[in-house]
Amino acid sequence: MKELILPPYAPVLMESTRALGYTLEAAIADILDNSITAEASRIDIFFEPSDNPYFSILDNGSGMNDLELNNAMRYGSRHPKEVRDSNDLGRFGLGLKTASLSQCRCLTVVSLKKGILSGRRWDLDLISQRQEWVLLELGETDINKIEHINKLIENKTGTLISWTKLDRIIVGEYSLEETFNKKMPIVREHLEMVFHRYLKGEQGLIKLEIFINNNPLQGNDPFLIEKSYQILDDEKVFIDGSEILIKPYILPHMSNLTSTEINKLGGSDGLRNQQGFYIYRNKRLVVWGTWFRLARMEDSSKLARVMVDIPNSLDEQWTLDIRKSIASPPDVVKKSLKRIVDKIALGSKRVWVTRGRRETESSNILLWQRFRNRDGTVQYDINREYPLIENLLESIGESEQKQLINLLRLIEINIPMNALRVDFNNDCKVSMDDEDEKLELIRKMVEQLISISNDPQVVIEKLMKVDPFANYPELLKELLEEVY
Ligand SMILES: Nc1ncnc2c1ncn2[C@@H]1O[C@H](COP(=O)(O)OP(=O)(O)OP(=O)(O)O)[C@@H](O)[C@H]1O
Ligand SMILES: [Mg+2]
């Protein structure tokens, strides 16, 4: 058989990869990934909708020398299967080129390492004209013309990316200024969320500062860690020796949040849509607000968010895409995630009842609890930690547990308030006030609890602290004596 060497046509390949589907914010995040991998502690994003509009991203990372920069400009600069450092946010050897040229026709990279400046440029117009992979090498005068080059020199080390010929950013808009006004708040929000753990300087990460036109970004933690509850213990799953760490949280109820916090969490509608798993690849948020079809987006789980930390060594198993915007769990992990989702569905209900300030003061364990919400309204909830309910929940299967919890909620929200109000106003005697019936019921229940217990003494001691049993100490003693 004869071998043919068939390299791609430069202009066709470069134009086609522009359509990988990057949004402006995803493209910028992909460039920032490179800066973070290069251990930058400060990144400046500048944009200028002037006569010569441009977009620049400047970092103070390690920078590249001439050879490294040549390689960085190559499509496929590193093999996707190559083992990467554990803190490397890259995978495909494409992002710098594909992300940049999805937004502009001219990409210039200037890098400063060990006091030496190097500059390279891909210009799609030139490539289309020459039909060749023509990479331009910038001379000193060319480099000095690049916007913000002085800032790179001041940093002493780092990289400056410059996007010009911004054809894609302006598509469908009247003016670049208008586009920037519309798109930059989205970019800001995206970066504040995607890199929030770097912006906070989480343990083990270099604390990162990001500025857009000199305005600092604030990390936006979608878990509000300080206020949320971790409802289940951490769970670790291992694949081929690599660890996946899963931490399930429940956000505080809306009545316990400020309006800024609610907005940051996605607003009241957003809360529901953004429940689900939050997948962090090397601490960088990749995918969020999805249950991966392991559960439905229910109102009842709208405060549930599960942090999943994955390492870059499992990219293939998670089928990470070039834009780092899609990843789905491998089957082994799905099983663990499903188990967690099911547990959350139960656990989260308990948190709903702590939505307001508990107002019922009593040392006994109460069946009904009165809560005062932030907005001044009050509500009555059936205490899910009431021992008889808890015992029952533990003794039945998952599907019955769900039914029981739904039933309790149904009872709570269907208290016949109006009818009760009318009856009380009319001084009607309602049968729930019937002492004889109460006594009879309590007697029956205690007898039943004693009959299924190994230690009636303990049962009675517990009930002495549980409302309404605690109101009948004589009866409880009498029933205990009957046993012995
Ligand atoms: N800001 C930067 N500072 C230092 N080196 C950089 C920077 N940007 C890119 N590089 C180098 O250029 C290479 C190519 O970057 P590119 O984003 O194209 O691919 P990648 O990061 O390796 O993988 P991916 O396609 O997943 O992003 C990087 O691997 C890195 O060595
Ligand atoms: Mg990259």
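All values reported here derive from a predicted model rather than from experimental measurement. (Residues numbered from 1 in each chain as written. Chains lettered and ligands numbered in written order. Predicted model: local features only at pLDDT ≥ 70, side-chain atom pairs only at ≥ 80, totals over all residues. Heavy atoms only, no water.)

## Describing the overall build of the chain
Test applied: Starting at the N terminus, helices and strands are each numbered in turn, a helix being any DSSP run of H or I of at least four residues and a strand any DSSP run of E of at least two. Based on C-alpha atoms, the radius of gyration is set beside the globule rule, defined as 2.2 Å times the residue count to the power 0.38. Remark: exposure states derive from per-residue accessible area (1.4 Å probe, protein chains only) relative to the maximum for the residue type, with buried under 20%, exposed over 50%, and partly exposed in between.
A count of helical and extended segments in the chain gives 18 helices and 17 strands. For 484 residues, the compact-globule estimate of 2.2 N^0.38 gives 23 Å, and the C-alpha radius of gyration of the chain, at 31 Å, exceeds that figure by more than 25%. The dimensions of the chain, computed from C-alpha atoms along their principal axes, are 100 × 60 × 40 Å. Counting across all 484 residues of the chain, residues that qualify as buried make up 46%.

## Description of the domain arrangement of the chain
Our working rule: Note that the domain bounds reflect an automated or database-derived domain assignment.
Annotation of the chain at the domain level lists domain 1 (10–216), domain 2 (229–348), domain 3 (353–415) and domain 4 (431–484). Between the C-alpha centres of domain 1 and domain 4 the distance comes to 73 Å.

## So, the site of ligand 1
We apply this condition: In these notes, residues near a molecule or strand are those with any non-hydrogen atom within 4 Å of it. Definition of a polar contact: a pair of N or O atoms within 3.5 Å, with one able to donate and the other able to accept a hydrogen when the atoms are protein atoms, and with sequence-neighbouring residues admitted only if both atoms are side-chain atoms. Note on areas: Shrake-Rupley with a 1.4 Å probe; residue coverage comes only from the protein chains shown. Classes in brief: Ala, Val, Leu, Ile, Met, Phe, Trp, Tyr, Cys and Pro nonpolar; Asp, Glu, Lys and Arg charged; the others, Gly included, polar.
The environment of ligand 1 is formed by 19 residues, the closest being Arg-91, Leu-94, Gly-95, Lys-97 and Lys-324. Contact distances for ligand 1 include 2.8 Å between an oxygen atom and a backbone N or O atom of Phe-92. Burial of ligand 1 by the protein chains amounts to 88% of its free accessible area of 600 Å². For the shell around ligand 1, the secondary-structure elements that each account for two or more residues are helix H2 (24–37) and helix H4 (95–101). Looking at the shell around ligand 1 residue by residue, the class counts come to six nonpolar, seven polar and six charged.

## Here's the deal with the nonpolar core
Note the cut-off: We define a nonpolar core as any set of buried Ala, Val, Leu, Ile, Met, Phe, Trp, Tyr and Cys residues linked to one another through side-chain atoms lying within 4.5 Å.
Membership of the largest hydrophobic core comes to 83 residues, with the highest contact counts inside it found for Ile-28, Ile-45, Phe-55, Trp-163, Ile-244, Phe-277 and Val-308. Here the element with the most residues in this core is H2; it accounts for eight residues. Membership of the second largest hydrophobic core comes to 22 residues, among which are Leu-404, Ile-405, Val-446 and Leu-475.

## Describing unusual backbone geometry
In this model, Asp-467 is joined to Pro-468 through a cis peptide bond whose omega is 0 degrees. Although it is not a glycine, Gln-131 sits at a positive phi angle of roughly 55 degrees. Among the secondary structure elements, Gln-131 is positioned in the loop between helix H5 (124–130) and strand S5 (136–137).

## Quick word on the pattern of salt bridges
Pairing of side chains with opposite charge becomes possible as their charged atoms draw close. Heads up, the condition is: Take a side-chain nitrogen of Lys or Arg and a carboxyl oxygen of Asp or Glu: if they are within 4 Å of each other, that pair is a salt bridge.
Under the criterion given, the structure shown has 31 salt bridges. Among the charged side chains, a network of salt bridges with common partners joins Glu-15, Arg-18, Arg-105, Asp-123, Asp-125, Lys-165 and Asp-167.

## Notes on the packing of helix H17 (residues 456–463) against helix H18 (residues 473–483)
Quick reminder of the rule: The angle between two axes is taken between their N-to-C directions and runs from 0 to 180 degrees, where each axis is a line fitted to C-alpha atoms and a helix contributes only its stretch in contact. Working rule for angles: under 35 degrees goes down as roughly parallel, over 145 as roughly antiparallel, 65 to 115 as roughly perpendicular, anything else as oblique. Residue contacts are defined here by distance: any two heavy atoms, one from each residue, within 4.5 Å place the two residues in contact.
Direction vectors running N to C along H17 and H18 enclose 180 degrees, while the axes themselves pass 10 Å from each other. Classified by the angle their axes make, H17 and H18 are roughly antiparallel. Note on element contacts: H18 touches H17 through Leu-476, Leu-480 and Val-483, opposite Pro-456, Gln-457, Ile-460 and Leu-463. Counted by class, the contact of H17 with H18 contains six nonpolar, one polar and no charged residues.

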